[in-house]
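Here's the letter readout for the chains.
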Amino acid sequence: MRGDDTPFPARLTVPRWPSGVPDLPRALAWTFVRAGCAGSARCAIGRWRTQEPAGVVEAGDLPAGFFEGRLVGWRLAVCGEAGRVARVVAAATAAGLLDEEIVVNVESTASARWFCPACGATTTVPAGAGSAGCDGCGRRLQPREHWSPASGQFLCDAS
Amino acid sequence: MTTYRVAGRRSGGPGVLELTLVPDDGAQPAPYVPGSHLPVRAGGVVNAYSLLDDGCRPSAYRIGVRRGCPGGGSAWLHDNARTGTTLVAGPPRSAFAPVLSARSHLLLGAGIGVTPLLSHLRAARRWGRQVELVVGSGAGRDVFASELDDLAPPRTTRVVGRAALRAAVREALSRQPIGTHAYACGPDGFAAEVRSAAADLAWPAGRLHIEHFDAPQLDAGDPFTAELGDTGRELHVPAGTSLLHALDAAGVRLDRMCERGVCGRCEVGVRSGDIRHRDLVLGPADRARGDVMLACVSRGSTTLRLEVP
């Protein structure tokens, strides 16, 4: 992955997932999401369920209307594979949740999501890949160390 | 600092004065962010007064002034500000702005605390934002009642008395859709009640925005050391002495106006060290970054390296 070689670099951003299973802060209600969660020893769902009674949603994609009717006071906790967790967090952010309202546990890192600046498509690649063809326009993508927490994607060069 | 002329004066309700200020040199006033305040020097002190309009291409600044203690700046304005009086004020300061990414906005006000909410309401109307209003006042002590009548959104609750307001605020906070930001302005007791209700209902701190009326009484603070710029020159700041005054004594004069953590003029960059913020200007993001402080009230918990010569 390329670093930043500009004379006045923007601050580089790469995902900084919690290193251990985070405890749940106080909330009025919770929903837990399994996002590619394999139920390994690093899975947080079991521990979280001992802390808070909450429904568990299996989510590759969150169901339509998932955020409708939720009130301030509700929180979301996501456990699973890094790329899929990032996708759920991006959807939650787009729905208006703040970082304070989302708890994340990354059980494994198998994939990453890349943003193509030429066509705007998202391409999911194996973690650690150095380049890949864009799923949208076919251009060659090379990721930068520039990750958007809001969209859960790495910005790429497209050639 | 700009000299303004009072272009209009009228009542905003019992004990409340509305002043319209225009730059004395005939220039157009600078636009401002909704919810901003204007630091005005009057009677020898500087107070911050909420601006009543939405700040978009203003032709004048309108402020609401509640009569305060005798001898204070607000009482001076009530007694002395007439059409044609000149006043000195700093630029508008924003510390209570609407969050543009919010899905909806809940405005909570008590008494004179409706003044910045009027600015929010005007902006909400201009930009088509979804907004709900809850305001309370003492019996017969409505403030800016006709403006509120005009600007009140469909979802408005107006109550009389502290207990009714407390209940209305809690009820409104309990049913806000995710993505809502709440803004509260009123006396310190009201602000504390809003904080308490929001905490009970698990509102994250980032969704609640409080505009303070008064600068709080501050303790003397602990002594700390400040290191100046690249020179490595060290400055001891004793308890009871502000960093601003310690810098004065060292021959470093920062800009200033209110010296109460309200106007934001004495902001100074901080290269390293832990800051004990005590101002009413900097937001959570500024505080989290920790690279700036207001020298008049804030202090160091550790040695601070400052961006001053």
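Residues numbered from 1 in each chain as written. Chains lettered and ligands numbered in written order. Predicted model: local features only at pLDDT ≥ 70, side-chain atom pairs only at ≥ 80, totals over all residues. Heavy atoms only, no water.

A short note on the interface of chain B and chain A
The extent of an interface is frequently quoted as the accessible surface area lost upon association of the parts.
Here's step 1: Contacts between chain B and chain A engage 18 residues on the former and 18 residues on the latter.
Here's step 2: For the pairing of chain B and chain A, the buried interface totals around 1,300 Å² over both sides, and the portion due to carbon and sulfur atoms is 55%.
Here's step 3: Run the count over chain B and chain A and you get 1 salt bridge.
Here's step 4: A salt bridge links arginine 207 of chain B to glutamate 101 of chain A; the nearest nitrogen and oxygen atoms lie 2.6 Å apart.
Here's step 5: One can count 10 residue pairs in polar contact (both at pLDDT 80 or more) joining chain B with chain A.
Here's step 6: Taken together, the residues of the side of chain B that touches chain A break down into 8 nonpolar, 6 polar and 4 charged. (Contact = heavy atoms within 4.5 Å. Buried area = accessible area lost by both parts, 1.4 Å probe. Salt bridge = Lys/Arg side-chain N within 4 Å of Asp/Glu carboxyl O. Polar contact = N/O pair within 3.5 Å; in protein donor to acceptor, adjacent residues only side chain to side chain. Nonpolar A, V, L, I, M, F, W, Y, C, P; charged D, E, K, R; others polar.)

Some thoughts on the pairing of strand S3 (residues 74-81) of chain A
Looking down a regular strand, the side chains alternate between one sheet face and the other.
Residues and elements named next belong to chain A.
Here's step 1: Taking burial as the measure, the 8 residues of S3 include 8 buried ones, the bulk of the element.
Here's step 2: Of the strand pairs in this sheet, strand S1 (residues 29-35) and S3 are connected by 7 bridges, and their pairing is parallel. Its bridge partner lying in S3, valine 33 is registered against valine 78.
Here's step 3: Alignment of S3 against strand S4 (residues 102-108), held across 6 bridges, turns out to be parallel. Its bridge partner being in S4, glutamate 81 is matched across the sheet by serine 108. (Buried < 20%, exposed > 50% of the residue type's maximum accessible area, 1.4 Å probe, protein only. Helix = DSSP H or I, 4+ residues; strand = E, 2+ residues; numbered from the N terminus. Pairing = 2+ DSSP bridges.)

Details of the domain arrangement of chain A
Residue and element names in this part refer to chain A.
Here's step 1: Parsing chain A into structural domains produces domain 1 (29-108) and domain 2 (111-158).
Here's step 2: Every contact between the two is made by 9 residues of domain 1 and, on the other side, 7 residues of domain 2.
Here's step 3: Both sides together, the interface formed by domain 1 and domain 2 hides about 500 Å², and carbon and sulfur atoms give 51% of it.
Here's step 4: Scanning the region where domain 1 abuts domain 2 turns up 0 salt bridges.
Here's step 5: For the pair domain 1 and domain 2, the interface holds 1 residue pair in polar contact (both at pLDDT 80 or more). (Domains from an automatic or database assignment.)

A look at the sheet that holds strand S3 (residues 37-42) of chain B
All names here are of chain B.
Here's step 1: Ordered in space as S4-S3-S6-S1-S2-S5, the 6 strands form an open sheet in which the pairing is antiparallel. What marks the edges here is a single partner per strand, and that holds for strand S4 (45-50) and strand S5 (61-66). Averaged over all pairs of adjacent strands, the angle between strand axes in this sheet comes to 45°, irrespective of strand direction.
Here's step 2: Two strands pair when backbone bridges link them, and strand S1 (residues 2-13) and strand S6 (residues 86-89) are joined in this way by 4 bridges, in the antiparallel orientation. Pairing of tyrosine 4 across the sheet is with leucine 87, part of S6.
Here's step 3: With respect to the sheet, helix H1 (residues 73-80) is in contact with S1, strand S2 (16-23), S3, S4, S5 and S6, its orientation differing from that of S4 by roughly 80°. (Axes fitted to C-alpha atoms, helices over the stretch in contact; angles between N-to-C directions.)

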